[in-house]
Amino acid sequence: MGSGKKYAVLLCAEDSDYVKKKYGGYFGVFVGMLAEEGETWDLYRVVAGEFPGDGEIAGYDGFVITGSCSDAHGPDPWISKLFHFLQKLDSLKKRLLCRALGGKTGRATSGWDIGVRTVNLSPSSKLFASLKIPNFLSVIECHQDEVWELPPRAEVMASSNKTRIEMFKCGDHMMGIQGHPEYTIDILLHLIDRLLQRNFIAETYANELKANLGAREPDREALKKLCISFLKGRL
């Protein structure tokens, strides 16, 4: 399956030493979830200004944009460049798994969302019905930004009691997920420690999060099926 296809991961975060050593970096995490035999996967560290050239875009069947510690609405030059690059991919109808495209984003009014959260899938979405995915899925979340408003042509695919827009799609070629289907509980525990070390969260909150993590597991196989099917146009 997937023989001859070519995909690229656009990395929006710096790898920690732990993730590099255990998973081969976040590139390794995504490839481990999405790659199939016969495919080629490339890495572009967009957080460091590395982007595919205009002449390279046509050679890819799809792109995956990772999450980031940076603000989605921040002033960093690479964020603005990435936004324009996504607009270009959109105009070319390239398959894309991403965080946002147009619309409005900002700080979540309810604060951090960290842990395993149940998201409610829209019954009106034909995508879930065709894949025979349950109406509720558990996904790992780790964010304080959220999508406030989608572009007019976008469709909300899932929501939760914490975040109104958990998944969305634009046309048949772009899908955004607020959570992290690629994460394991181990990665989330590591991120909680990093957030604590950087004083982004309080120690009491970090301890509370860790104590609650054993309650349930994310539905990684169902989320993997969804992401692969969308990215590779199998719907």
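About the cut-offs
Residues numbered from 1 in each chain as written. Predicted model: local features only at pLDDT ≥ 70, side-chain atom pairs only at ≥ 80, totals over all residues. Heavy atoms only, no water. Helix = DSSP H or I, 4+ residues; strand = E, 2+ residues; numbered from the N terminus. Rg over C-alpha atoms; globule rule 2.2 N^0.38 Å. Contact = heavy atoms within 4.5 Å. Lys, Arg positive; Asp, Glu negative; His and termini not counted. Charge placed at Lys NZ, Arg CZ, Asp CG, Glu CD. Core = buried A, V, L, I, M, F, W, Y, C linked by side-chain atoms within 4.5 Å. Buried < 20%, exposed > 50% of the residue type's maximum accessible area, 1.4 Å probe, protein only. 1 Å grid on protein atoms, 1.4 Å probe; cavity = no way out; pocket = protein on both sides within 12 Å on 5 of 7 lines; lining within 4 Å. Points joined across faces, edges and corners; volume = space filled by probe spheres on them. Nonpolar A, V, L, I, M, F, W, Y, C, P; charged D, E, K, R; others polar. Pairing = 2+ DSSP bridges. Axes fitted to C-alpha atoms, helices over the stretch in contact; angles between N-to-C directions. Salt bridge = Lys/Arg side-chain N within 4 Å of Asp/Glu carboxyl O.

(A) Summary view of the overall build of the protein. What the protein contains, in helices and strands, is eight helices and 11 strands. The C-alpha radius of gyration computed for the protein amounts to 17 Å, which stays within 12% of the reference 18 Å derived for 235 residues, consistent with globular compactness. Projected onto the principal axes, the alpha-carbon positions of the protein cover approximately 50 × 40 × 35 Å. For the protein, restricting intrachain contacts to residue pairs at least 6 apart in sequence, the fraction spanning at least 24 positions comes to 73%. Within the protein, one finds 30 positive and 30 negative side-chain charges whose respective centroids are separated by 4 Å.

(B) Spotlight on the nonpolar core. If you look at the biggest cluster of nonpolar residues, it comprises 28 residues, and the most contacted ones within it are Leu34, Val64, Leu97, Leu121, Met167, Met175 and Leu226. Of all the secondary-structure elements, those providing two or more residues to this core are β1 (6-10), α2 (25-34), β6 (113-121), α5 (126-131), β7 (136-143), β9 (154-159), β11 (174-177) and α8 (220-231). Sort the elements by how many residues they give to this core and α8 lands first, with seven residues. Setting aside residues up to four positions removed in sequence, Leu226 forms contacts with Leu127, Phe128, Leu131, Ile133, Met167 and Met175. Counting 25 residues, the second-largest nonpolar core is a separate cluster that includes Phe51, Ile79, Leu86 and Ala154.

(C) Local environment of empty space enclosed by the protein. Under the criterion given, the structure shown has one cavity of 30 Å³ or more. In this structure, the largest cavity occupies an estimated 140 Å³ of space. Around the largest cavity, the lining comprises 17 residues; the ones closest to its centre are Phe30, Ile65, Ile177, Pro181 and Glu182. When contributions to the lining of the largest cavity are tallied by element, the ones reaching two or more residues are α2, β3 (62-65), β4 (95-98) and β11. The element best represented in the lining of the largest cavity is α2, accounting for three residues. The residue inventory of the lining of the largest cavity, partitioned by class, reads 10 nonpolar, five polar and two charged.

(D) Looking closely at the environment of Leu213. Here Leu213 shows up in the loop between α7 (203-212) and α8. C-alpha separation for the pair Leu213 and Leu127, spaced 86 residues apart in sequence, amounts to 29 Å. In contact with Leu213, not counting residues within four places along its chain, are Gly115, Val116, Ile185, Leu188, Leu189 and Ile192.

(E) Examining the sheet that holds strand β2 (residues 40-44) more closely. Here we have nine strands laid out as an open sheet, ordered β2-β1-β3-β4-β11-β10-β9-β6-β7, and mixed in their pairing. Both edges of this open sheet fall to β2 and β7, since each of them pairs with a single strand only. Strand-to-strand twist of the sheet, defined as the mean angle between neighbouring strand axes without regard to direction, takes the value 25°. Examined bridge by bridge, β3 and β4 share three bridges and lie parallel to one another. From the neighbouring strand, Gly62 faces β4, where its bridge partner is Arg95. Along the sheet, α2 makes contact with β1, β2, β3 and β4, crossing β2 at roughly 155°. Each of β1, β3, β4 and β11 touches helix α4 (residues 77-91); the most contacted strand, β3, lies at about 150° to it.

(F) Layout of the pattern of salt bridges. Overall, the coordinates contain 13 salt bridges when judged by the stated rule. Two residues, Glu155 and Lys169, come together in a salt bridge whose shortest N-O distance is 3.7 Å. Of the two residues, Glu155 is situated in strand β9 and Lys169 in strand β10 (residues 167-170); the sequence distance between them amounts to 14 residues. By relative accessible area, Glu155 is classed as partly exposed at 29%. Lys169 is the salt-bridge partner of Asp172, the closest N and O atoms lying 3.7 Å from each other. With a relative accessible area of 56%, Asp172 lands in the exposed category. Where salt bridges share partners, they join Glu36, Glu39, Lys232 and Arg234 into one cluster.

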